[in-house]
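Coordinate inspection notes
Listed here are the chains, written in short residue letters.
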Amino acid sequence: MRGTLAEFIGTAFGFPTAFLSVLLLVVVLYWLLAAVGVLDGDDGGLGLEGVLAGLGIDGVPATVVLSLLTAFSWFACLGGSVLLNGLDLSSPVTIALGVAVLLVALVVGVLLTRLLAWPLRKLFPNPPQASRNDFIGRPCVIRTGTVTQTFGQAEVTASDGSSAVVQVRQAGQDPLVAGSTALIFDYDGDGEFFWVAPLDPNL
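Let me sum up the structure you'll find in this document. All residue numbers refer to position in the chain's written sequence, counted from 1. In keeping with the predicted nature of the model, local features appear solely for residues at pLDDT of at least 70, side-chain atom pairs appear and are counted solely at 80 or more, and the whole-chain, interface and lining totals rest on all residues. Hydrogens and water molecules were not included; the side-chain quantities draw on all heavy atoms of the structure.

**With respect to the overall build of the chain**
When its secondary structure is counted, the chain shows 5 helices and 5 strands. Numbering goes from the N terminus for both helices and strands, where a helix is a DSSP run of H or I of at least four residues and a strand is a run of E of at least two. Its helices and strands in sequence order give the chain the pattern α-α-α-α-α-β-β-β-β-β, from N to C terminus. For the chain, the residues scored as buried account for 30% of the 203 residues in total. Any two residues whose heavy atoms approach within 4.5 Å at even a single point are treated as in contact. Sequence-distant contacts in the chain: of pairs separated by 6 or more residues, those separated by 24 or more amount to 55%. Calculation of accessible area relied on Shrake-Rupley with a 1.4 Å probe; when residues are assessed, cover is drawn exclusively from the protein chains displayed. Within the structure as shown, the chain displays about 12,600 Å² of accessible surface, and the carbon and sulfur contribution to it stands at 66%. When a residue's accessible area, from a 1.4 Å probe over protein chains only, is under 20% of the maximum for its type it is buried; when over 50% it is exposed; and in between it is partly exposed.

**What to know about the nonpolar core**
Phe-135, Cys-140, Val-168, Ile-184, Phe-194 and Val-196 are the most contacted members of the largest nonpolar core, which totals 15 residues. For this core, the elements supplying multiple residues, two or more each, are β1 (139-142), β2 (153-157), β3 (163-169), β4 (181-188) and β5 (193-198). Sort the elements by how many residues they give to this core and β4 lands first, with 3 residues. Phe-194 has contacts with Arg-132, Phe-135, Val-166, Gln-167, Val-168, Arg-169, Ile-184, Asp-186 and Tyr-187, leaving out every residue within four places of it along the chain. For our purposes a nonpolar core is just a set of buried Ala, Val, Leu, Ile, Met, Phe, Trp, Tyr and Cys residues, chained together by side-chain atoms within 4.5 Å.

**Observations concerning the pattern of salt bridges**
The term salt bridge refers to a pairing of a side-chain nitrogen on Lys or Arg with a carboxyl oxygen on Asp or Glu at a separation within 4 Å. This model, assessed by the stated rule, comprises 1 salt bridge. A salt bridge links Arg-143 to Glu-155; its shortest N-O distance comes to 2.8 Å. Placement of the pair is Arg-143 in the loop between β1 and β2 and Glu-155 in strand β2, with a sequence separation of 12 residues. We classify Arg-143 as partly exposed; its relative accessible area is 45%.

**Re a nonpolar patch on the surface**
There is a patch of nonpolar side chains on the surface, built from Leu-5, Phe-8, Ile-9, Phe-13 and Leu-25 and spanning about 490 Å² of accessible area. Looking at which element gives the most residues to the nonpolar patch, the answer is helix α1 (residues 2-12), with 3 residues. Candidate patch residues must exceed 30% relative accessible area and have no salt bridge, after which like charges are joined if within 9 Å and Val, Leu, Ile, Met, Phe, Trp or Tyr side chains if within 5 Å.

**Brief notes about the sheet that holds β1**
Pairs of strands are assigned from DSSP output, requiring at least two bridges between the strands. Spatially, 5 strands are ordered β1-β2-β3-β5-β4 in a closed barrel, and the strand pairing comes out mixed. Averaged over neighbouring strand pairs, the angle between their axes works out to 55 degrees when direction is ignored. Pairing geometry for β3 and β5, over 2 bridges, is parallel. Its bridge partner lying in β5, Arg-169 is registered against Trp-195. Helix axes use the C-alpha atoms of the stretch in contact, all axes being lines fitted to C-alpha atoms, and the angles between their N-to-C directions lie in the range 0 to 180 degrees.

**Quick look at the side chain of Ser-73**
Tracing the chain through its elements places Ser-73 in helix α4 (residues 62-81). For Ser-73, a relative accessible area of 1% translates into the label buried. Polar contacts here mean pairs of N or O atoms no more than 3.5 Å apart (in protein, one a potential hydrogen donor and the other a potential acceptor; neighbouring residues in sequence count only if both atoms are side-chain atoms). At 2.7 Å, the side chain of Ser-73 and the backbone oxygen of Leu-69 are in polar contact. Residues within four places of Ser-73 in sequence aside, it is in contact with Leu-20, Ala-105, Leu-106 and Gly-109.

Now the structure itself:
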């Protein structure tokens, strides 16, 4: 039993599986921290959507995709490493075989992750796309020195907590200056700006 466990550990943390074993430990630690509430388990701003889309994997959170990819690749590499047992790891041929096993394992990981991502997409529906009309009826803070019929910018906070600086205009001559609060009441699609009116922040 001890011999089998020692052999497994030696293979898991030997060449070429060691690299993926470290990544797998990071993945396990990540999800343990997410389970106890230390991390929220979302993408965390990884910004890998373009890379994953290039691999044909989209519609699933990047953290889930990377976890699956790491796990599948690790199992494939562990299985392939059995072929290297008993070989001289300092041999150029063995090193080349190890690199080939690692690359094949990564390819297998990508293919299996793509296969599993299809049904998983149903569990992660795309959130509704934000619309400019969502800002109508929301207060904003003027960021330019003044707002006229042809000039002005303001910062508005969306319902999800994110903020954006938008082009604003007013039809009257109200003293809308930097730091003052205004109400967005309409959007001009042709000019791509919002109409605003003064708003008492105490209301």
